[in-house]
Amino acid sequence: GGCARYFAGKTGCSVLAVEIQEDLHRAACELTGRCGLSKVHHIAGDILQIGEHLQPNSYSTIASWLTVLHITNRRALFETCKKLLSDQGVFYAEDFYEKGTLTNEEKKILREEVYCRYLPKLERYQDDLKEAGLQVEKVEDLTEDWAQYTNKRNQAFLKDKETLVETFGEDTFRRLEDFYGKIAKLFSGGNLGGVRIIATKA
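Residues numbered from 1 in each chain as written. Predicted model: local features only at pLDDT ≥ 70, side-chain atom pairs only at ≥ 80, totals over all residues. Heavy atoms only, no water.

J.: What's the story with the overall build of the protein chain in this structure? I'm lost.
T.: In terms of helices and strands, the protein chain carries nine helices and six strands. What you see for the protein chain is a C-alpha radius of gyration of 18 Å, in line with the 17 Å of a compact globule of 202 residues. Projected onto its principal axes, the C-alpha coordinates of the protein chain cover approximately 50 × 45 × 25 Å. Looking at the protein chain residue by residue over its 202 residues, the buried ones come to 37%. Sequence separation of 24 or more characterises 78% of the internal contacts of the protein chain that already satisfy a separation of 6 or more. (Helix = DSSP H or I, 4+ residues; strand = E, 2+ residues; numbered from the N terminus. Rg over C-alpha atoms; globule rule 2.2 N^0.38 Å. Buried < 20%, exposed > 50% of the residue type's maximum accessible area, 1.4 Å probe, protein only. Contact = heavy atoms within 4.5 Å.)

Quick look at the structure:
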């Protein structure tokens, strides 16, 4: 929702925001309404199902921030993206990939905390895009930046414990403490990578 509102507010473009989690969808709708952004339209559901009912060749850009990692059927996802994009349309994603060899513990954290059941190597990620008919234009490794960010976020969160507990309660603080710590640990382990990928519909 936040990215959709930013694009619509900054550029005046129309945005279709797809969210599979109903509670996040409702919150996004409320916030968009408060902002008075009529060019942002929200749909709740699975993009693989929703994509079957959208107009092909009608979207100039499909953008994803840490979303593809939740979808195991990447071939179907990327084929849907190709179908929906207009000619020369752009696919943009910032996502996780398997940089080293994930340990069983790391896979468990990804599966249970991030809801990520499958991560490809970076080469496989690019091949999946190409096999769906998209042309990879740019690949930028973000691992180091994300490792620094997640570590700093975790440290800042722990430093502000007293204020955060007072504001959000002990239970919420503990849940976020656990999550932020585990994500920082994943990146510090050297096996989880972050990437920015841009592809186009030829």
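There is more to say after this.
J.: Help me understand the packing of helix H4 (residues 74–84) against helix H6 (residues 122–131) in this model?
T.: A pair of packed helices is characterised by two quantities: the angle between their axes and the separation of those axes. Two elements in contact, H4 and H6, have axes separated by 8 Å at closest approach and are oriented at 50°. One finds that H4 runs oblique with respect to H6. Between H4 and H6 lies a crossing whose hand is right-handed. Here Arg74, Arg75 and Phe78 of H4 come into contact with H6, specifically with Tyr125, Asp128, Leu129 and Glu131. For the contact of H4 with H6, the per-class residue count stands at three nonpolar, no polar and four charged. (Axes fitted to C-alpha atoms, helices over the stretch in contact; angles between N-to-C directions. Parallel < 35°, antiparallel > 145°, perpendicular 65-115°, else oblique. Left-handed = near helix turned anticlockwise from the far one by under 90°. Nonpolar A, V, L, I, M, F, W, Y, C, P; charged D, E, K, R; others polar.)

J.: Just checking my understanding: could you explain a nonpolar patch on the surface for this structure?
T.: A contiguous nonpolar surface patch, about 310 Å² in accessible area, is contributed by Tyr6, Phe7 and Trp65. With respect to the secondary-structure elements, Trp65 resides in strand E3 (residues 59–65). For Trp65, a relative accessible area of 32% gives the class partly exposed. (Patch = residues over 30% accessible without salt bridge, like charges linked within 9 Å, V, L, I, M, F, W, Y side chains within 5 Å. Areas by Shrake-Rupley, 256 points an atom, 1.4 Å probe, with all protein chains shown as cover. Salt bridge = Lys/Arg side-chain N within 4 Å of Asp/Glu carboxyl O.)

J.: Teacher, can you tell me more about the environment of Gly1 here?
T.: Tracing the backbone through its elements, the reader meets Gly1 in the segment before helix H1 (2–11). Once the C-alpha coordinates of Gly1 and Thr32 are considered, the two residues, 31 residues apart in sequence, prove to be 7.6 Å apart. Sequence-distant contacts of Gly1, defined by excluding residues within four places in its chain, comprise Ala28 and His42.

J.: How should the pattern of salt bridges be read in this particular structure?
T.: Any two side chains of opposite charge can pair, on the condition that their charged atoms come close. Within this structure, the stated rule accounts for 16 salt bridges. Among the ionic pairs, Glu113 bridges to Lys182, the shortest N-O distance being 3.1 Å. Of this pair, Glu113 sits in helix H5 (residues 104–114) while Lys182 sits in helix H9 (residues 170–188); the two residues are 69 residues apart in sequence, bridging distant segments of the chain. We classify Glu113 as partly exposed; its relative accessible area is 25%. In this structure, Arg174 and Glu177 form a salt bridge, with 2.8 Å as the shortest nitrogen-oxygen distance. Here the residue Arg174 and the residue Glu177 both occupy positions in helix H9, the gap between them amounting to three residues, near one helical turn. Arg174 gets classed as partly exposed once you look at its relative accessible area, which sits at 36%. Among the residues examined, Glu177 registers a relative accessible area of 24% and is labelled partly exposed. Here the residues in one salt-bridge network are Arg75, Glu79, Arg124, Asp128 and Glu131, joined through shared partners.

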